[in-house]
Amino acid sequence: CIEDIDATQGIIPLFTYPTEANDMEHSNGCVALPFVRTFCKVSLSIRSHAHQDSNLVLKALYMDSIAYKGDFQSLPQPTWTCSEERMRLYFFQGESEILLNAQALDAHMLMGQFIHQSFSAVVDIYDKDANLIEADKTLSTKALNIPWQAGRYYDYTLNINSGKLS
């Protein structure tokens, strides 16, 4: 058990599953210990299928209420017990035009947890002449409702189409 881990500190604890040295004659007593990250990796890309008569500028992309502190137990199954402390996790902050081709945003190492939240994007919408139509429009996906598990990699590509984020 590893207690009181803070995912914002940049330290990534590792664990290994129980292993036996079954073949002493051929292994000379050496046992391979494959280490697994206690965190999962979450990365995001975004693209737009907006109409040709408008442009979208991404200002922020985030997910609310993400646990970042907790305890990790490797046996009998890798399990996180998350504290009640939550944060808004940003995958992007700034200004970037959203194009048809997917653009990679930030990736984060996070503790395993059940995710029932949605991704939210804040965008500015411009017409073809670069006149602002709507500022700071917030678009959100449906709630994910999935577990993020230790040692796994989750890669999402979000699409903005007809004013919806999916």
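Residues numbered from 1 in each chain as written. Predicted model: local features only at pLDDT ≥ 70, side-chain atom pairs only at ≥ 80, totals over all residues. Heavy atoms only, no water.

## Brief notes about the pairing of strand S11 (residues 119–127)
Across a regular strand the side chains alternate sides, sitting on one face of the sheet and then on the other.
At step 1: Burial analysis of S11 places seven of its nine residues in the buried class, the great majority of the element.
At step 2: Sheet topology note: the strand S5 (residues 54–67)/S11 ladder contains nine bridges and is antiparallel. For Val57, the partnering residue across the bridge sits in S11 and is Asp124.
At step 3: Both S11 and strand S12 (residues 132–140) contribute to a ladder of six bridges, which runs antiparallel. Looking at S12, one finds that Ile125 is bridged to Glu134.
At step 4: Between S11 and S12, which follow one another and run antiparallel, lie four residues, and Ala130 among them has a positive phi close to 70 degrees. (Buried < 20%, exposed > 50% of the residue type's maximum accessible area, 1.4 Å probe, protein only. Helix = DSSP H or I, 4+ residues; strand = E, 2+ residues; numbered from the N terminus. Pairing = 2+ DSSP bridges.)

## Focus: the environment of Tyr68
At step 1: Considering the arrangement of structural elements, one finds Tyr68 in the loop between S5 and strand S6 (69–73).
At step 2: Remark: the alpha-carbon pair of Tyr68 and Met109, spanning 41 residues in sequence, is separated by 9.9 Å.
At step 3: The contact partners of Tyr68, leaving out residues within four places of it in the chain, are Ile5, Asp6, Ala7, Thr8, Glu85, Arg86, Met87 and Met111. (Contact = heavy atoms within 4.5 Å.)

## Concerning a nonpolar patch on the surface
At step 1: Together, Ile12, Leu14, Val31, Leu33 and Phe35 make up a nonpolar patch on the protein surface, roughly 440 Å² of accessible area in all.
At step 2: Here Leu33 shows up in the loop between helix H1 (24–27) and strand S3 (36–37).
At step 3: Leu33 sits in the partly exposed class, given a relative accessible area of 45%. (Patch = residues over 30% accessible without salt bridge, like charges linked within 9 Å, V, L, I, M, F, W, Y side chains within 5 Å. Areas by Shrake-Rupley, 256 points an atom, 1.4 Å probe, with all protein chains shown as cover. Salt bridge = Lys/Arg side-chain N within 4 Å of Asp/Glu carboxyl O.)

## So, unusual backbone geometry
At step 1: Here the bond from Leu75 into Pro76 is cis, since omega is 0 degrees, no more than 30 degrees from zero.
At step 2: Position of Pro76 among the secondary structure elements: in the loop between S6 and strand S7 (79–82).
At step 3: With phi around 60 degrees, Ser65 is a residue other than glycine that occupies positive phi space.
At step 4: Along the polypeptide, Ser65 turns up in strand S5.
At step 5: Not every positive phi belongs to a glycine, and Asp136 is a case in point at roughly 55 degrees.
At step 6: Inspection of the secondary structure assignment puts Asp136 in strand S12.

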